Amino acid sequence: MKPGLGDELLLRQMPHSIEAEQSVLGAMLIDPRCIPEVIEALTADDFYLQANRDIYETMYGMFNFSLTIDPVTVLEQMRQNGVYQEERSRSYILQLMEITPTAANVMEYAAIVKDKTLLRRVAETAGELTVLVQEGTDSAQAVLEAAEQKIYAIRQGRNP
């Protein structure tokens, strides 16, 4: 049986790069000296996967309190924050470090993560604008102005 259009839409994922997200986190664990630069470039919301977001938020909080960041301390902090999963967290943290090619390219990985975030924001905004058009309650001019404001907000690095 051929999937319908609705099924096809459900199968599509929003833009993201698991490899780039994992490599950013792995680099932060391998070489904590890169953390200030990463924190300047990314927020937790830039991470598509919840597990990656949890790890980033943990390291971000630790950095703000000048705590030592390494696999052991991050795992302990995740326990304290209630985001530690007994069967998964430890192996995932180790996996992040193993699969990260090098910490030297962390800002290239961060740029990929940020690019995917912007694409998600554009897609979300397109969906919101489609709803406005379909509702038919606003004039074309009003929808166009809303579109301009939302795209401008994305361009400025804000959530529309």
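Residues numbered from 1 in each chain as written. Predicted model: local features only at pLDDT ≥ 70, side-chain atom pairs only at ≥ 80, totals over all residues. Heavy atoms only, no water.

## Thoughts on the side chain of Ser 23
Item 1. By the element assignment, Ser 23 lies in helix α2 (residues 18–30).
Item 2. The contact partners of Ser 23, leaving out residues within four places of it in the chain, are Thr 100, Pro 101 and Tyr 109. (Helix = DSSP H or I, 4+ residues; strand = E, 2+ residues; numbered from the N terminus. Contact = heavy atoms within 4.5 Å.)

## Some words on the environment of Glu 145
Item 1. Note that Glu 145 resides in helix α8 (residues 140–155).
Item 2. What makes Glu 145 partly exposed here is its relative accessible area of 39%.
Item 3. With 115 residues separating them in the primary sequence, Glu 145 and Ile 30 have C-alpha atoms 46 Å apart. (Buried < 20%, exposed > 50% of the residue type's maximum accessible area, 1.4 Å probe, protein only.)

## What to know about the packing of α2 against helix α4 (residues 50–64)
Item 1. The interhelical angle for the contact between α2 and α4, taken along N-to-C directions, is 30°, at an axis separation of 10 Å. Classified by the angle between their axes, α2 and α4 sit roughly parallel to one another. Handedness of the crossing formed by α2 with α4: left-handed. Contacts from Glu 21, Gln 22, Leu 25, Met 28 and Leu 29 of α2 reach α4 at Asn 52, Ile 55, Tyr 56 and Met 59. (Axes fitted to C-alpha atoms, helices over the stretch in contact; angles between N-to-C directions. Parallel < 35°, antiparallel > 145°, perpendicular 65-115°, else oblique. Left-handed = near helix turned anticlockwise from the far one by under 90°.)

## Let's talk about the packing of α4 against helix α6 (residues 89–99)
Two numbers describe a pair of packed helices, the interaxial angle and the distance between the axes.
Item 1. Axis separation between α4 and α6 bottoms out at 12 Å; the angle between their running directions is 85°. As summarised for this structure, α4 and α6 are arranged roughly perpendicular, according to the angle between their axes. Facing Ala 51, Asn 52 and Ile 55 of α4, the residues of α6 in contact are Tyr 92, Ile 93 and Leu 96.
Item 2. Residues of the contact of α4 with α6, tallied by class, amount to five nonpolar, one polar and no charged. (Nonpolar A, V, L, I, M, F, W, Y, C, P; charged D, E, K, R; others polar.)

## Quick notes on the environment of Ala 103
Item 1. With respect to the secondary-structure elements, Ala 103 resides in the loop between α6 and α7 (106–135).
Item 2. Accessibility expressed as a relative area gives 14% for Ala 103, which makes it buried.
Item 3. Sequence separation between Ala 103 and Leu 42 is 61 residues; the distance between their C-alpha atoms is 16 Å.

## Quick word on the nonpolar core
Item 1. Of all hydrophobic cores here, the largest spans 30 residues; its most connected members are Val 24, Met 28 and Tyr 56.
Item 2. Breaking this core down by element, the ones donating at least two residues are α2, α3 (35–41), α4, α5 (71–81), α6 and α7.
Item 3. Residue contributions to this core peak at six residues, all from α2.
Item 4. Excluding residues within four positions of it along the chain, Met 28 makes contact with Cys 34, Ile 35, Val 38, Tyr 56, Met 59 and Ile 69. (Core = buried A, V, L, I, M, F, W, Y, C linked by side-chain atoms within 4.5 Å.)

## Points about the confidence of the model for the chain
Item 1. In the predicted model, the chain carries a mean pLDDT of 90, and the fraction of residues at 70 or more is 91%.
Item 2. Predicted confidence for residues 1–5 stays below pLDDT 50, and this span has zero contacts to residues more than four positions away or in other chains. (pLDDT = per-residue confidence, 0-100.)

## A word on the packing of aromatic side chains
Item 1. Tallied over the entire structure, the rule returns two aromatic pairs.
Item 2. Look at Tyr 56 and Tyr 60: their rings are 6.2 Å apart centre to centre, the planes differ by 35°, and that puts the pair in the tilted class. Of this pair, Tyr 56 and Tyr 60 both sit in helix α4, four residues apart, which is roughly one turn of the helix.
Item 3. Members of the aromatic cluster, joined through ring pairs, are Phe 47, Tyr 56 and Tyr 60.
Item 4. A cation over an aromatic ring shows up here: Arg 79 above the ring of Tyr 84, its NZ or CZ 4.1 Å from the ring centre. (Phe/Tyr/Trp six-rings, centres within 6.5 Å; stacked < 30°, edge-to-face > 60°. Lys NZ or Arg CZ within 6 Å of the ring centre and 35° of its normal.)

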